[in-house]
Amino acid sequence: MEQAPEAPPPPPLPASGAVVFTQPPPPPPSQQAPVYASFFKRLVAYIVDNILVFIVVAMAFVIVIPGFADTDNSEGMLTLFWLTFIFYNVVFLGYFTISVGTAGQTLGKYFMGIEVLTTGGELPGFGRAFIRSIGYYFSGFIFYLGFFIALFDSRSQTLHDKLAGTVVVEIN
């Protein structure tokens, strides 16, 4: 009959006789649990990003409006309204999709020190970034409730994060 190998002997006690407890070294940064971004940081980043989108649309509006300034009828103003509405949404979707799809951040997120990753910890890519950008409309649809669920979620995920399978984390 074979005997089981013996366990190694315990480490020797220090000369003083005191028991010393040592902690294992921390895991490498890639294996550490992410720190999810706070609702406040996300809100500030979103406001900054929307101000940037508004500035781009306003600049285009100033360039385009002279062509409609001679129009005194409601059709011209209605056309201008719809062109502005469509242009705003194209810029909004493009900005959030391209920024998050390429770098995982918009300018607002960059300034706040946060980034968007998949739940697996990778950059989202354009597909997820586009789904996430479309998800902003769902998050804001009923009194912005889709945004506020981040306050009660363990990973601070909003509705658009859940739709795209993303999280927003602090950058170390």
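So, here's what we can say about the structure. (Residues numbered from 1 in each chain as written. Predicted model: local features only at pLDDT ≥ 70, side-chain atom pairs only at ≥ 80, totals over all residues. Heavy atoms only, no water.)

What to know about the overall build of the protein chain
Note the threshold: Each helix is a run of H or I in the DSSP string that is no shorter than four residues. Each strand is a run of E no shorter than two, and both are numbered from the N terminus. For every residue, the accessible area (1.4 Å probe, protein chains only) is compared with the maximum for its type, and the residue is labelled buried under 20%, exposed over 50%, or partly exposed between those bounds. Only heavy atoms enter the contact rule, under which two residues are in contact if any of them lie within 4.5 Å. To be clear on the numbers: accessible area is Shrake-Rupley with a 1.4 Å probe, and residue cover counts the displayed protein chains and nothing else.
When helices and strands are counted, the protein chain shows seven helices and two strands. Counting from the amino terminus, helix and strand elements in the protein chain follow one another as α-α-α-α-β-α-α-α-β. When the 172 residues of the protein chain are sorted by exposure, 31% land in the buried category. When contacts within the protein chain are restricted to residue pairs at least 6 apart in sequence, long-range pairs at least 24 apart make up 67% of them. Entry remark: accessible area of the protein chain is about 11,800 Å², with carbon and sulfur atoms responsible for 71%.

Considering the pattern of salt bridges
As a reminder of what qualifies: Basic side-chain nitrogens of Lys or Arg form a salt bridge, by our definition, when they fall within 4 Å of a carboxyl oxygen of Asp or Glu.
With the rule as written, the count across this model stands at four salt bridges. Here Lys41 makes a salt bridge to Glu170, at a shortest N to O gap of 2.9 Å. Within this pair, whereas Lys41 is found in helix α1 (residues 39–64), its partner Glu170 is found in strand β2 (residues 166–170), the two being separated by 129 residues in sequence. Across the pair Lys162 and Asp153 runs a salt bridge, and its minimum N-O distance is 2.7 Å. Residues joined by salt bridges that share partners form a network here, namely Arg42, Arg132 and Asp161.

Comments concerning helix α5 (residues 125–140)
Stated precisely, the cut-off is as follows: What a helix is expected to span follows from its residue count: subtract one and scale by 1.5 Å. The seven residues ending at a residue and the seven starting there each receive a fitted axis; the angle between those axes is the bend at that residue.
Taking 1.5 Å of rise per residue, 16 residues should cover 22 Å, and α5 covers 23 Å from first to last C-alpha, within 8% of that figure. Taken as a whole, α5 carries its principal kink of about 25° at Ile134. Turning to α5, its buried residues number three or more, namely Ala129, Arg132, Ser133, Gly135, Tyr136 and Ser139.

What to know about the nonpolar core
We apply this condition: The term nonpolar core refers to a set of buried residues drawn from Ala, Val, Leu, Ile, Met, Phe, Trp, Tyr and Cys, joined through side-chain atoms within 4.5 Å.
By size, the foremost hydrophobic cluster in this structure holds ten residues: Tyr46, Val53, Val57, Val91, Phe92, Leu93, Tyr95, Phe96, Tyr136 and Phe147. For this core, the secondary-structure elements that each account for two or more residues are α1 and α3 (74–103). The leading source of residues in this core is α3, at five residues. With near-sequence residues (within four places) excluded, Phe96 lies in contact with Tyr46, Asp49, Gly101, Thr106, Ser133 and Tyr136. The next biggest cluster of nonpolar side chains, apart from the first, holds seven residues, and it includes Ala37, Val100, Ile114 and Ala129.

Here's the deal with the packing of aromatic side chains
Formally: Two aromatic rings from Phe, Tyr or Trp, using only the six-membered ring of Trp, form a pair when their centres are within 6.5 Å; if the ring planes differ by under 30 degrees the pair is stacked, by over 60 it is edge-to-face, and anything between is tilted.
By the definition in use, this model includes 16 aromatic pairs. Seen from their ring centres, Tyr46 and Phe147 are 5.1 Å apart, and the 50° between their planes marks the pair as tilted. A residue pair is termed long-range when its members are at least 10 positions apart, and Tyr46 in helix α1 and Phe147 in helix α6 (residues 145–148) qualify at 101 residues. Note on Tyr46: relative accessible area 18%, which makes it buried. An aromatic cluster of at least three residues, connected via ring pairs, comprises Tyr46, Tyr88, Phe92, Tyr95, Phe96, Tyr136, Tyr137, Tyr144 and Phe147.

Quick word on the pairing of strand β1 (residues 114–118)
Note on strand geometry: in a regular strand, side chains alternate between the two faces of the sheet. Burial within β1 is extensive, with five of its five residues counted as buried. Residues Ile114, Val116 and Thr118 point to one face of β1 and Glu115 and Leu117 to the other, with burial holding for every one of them.

Describing unusual backbone geometry
Backbone phi values are negative for most residues with the exception of glycine, while trans is the configuration of most peptide bonds. A positive phi angle, close to 60°, is found at Tyr144, a residue other than glycine. A positive phi angle, close to 55°, is found at Ser156, a residue other than glycine. A residue is classified by how much of its surface remains accessible, and Ser156, at 15% relative accessible area, is buried.

Description of the environment of His160
Rule in force here: Nitrogen and oxygen atoms within 3.5 Å of one another constitute a polar contact, given that in protein one can donate a hydrogen and the other can accept it, and given that sequence-neighbouring residues count only through two side-chain atoms.
Take His160: it is sitting in helix α7 (residues 159–164). On a C-alpha basis, the gap between His160 and Phe147 in space is 8.0 Å, while along the polypeptide they are 13 residues apart. Each residue touching His160, except ones within four places of it in the same chain, is listed here: Arg42, Arg132, Gly135, Tyr136, Ser139, Phe147 and Thr166. Looking at His160, its side chain comes within polar contact range of the side chain of Thr158, at 3.0 Å.

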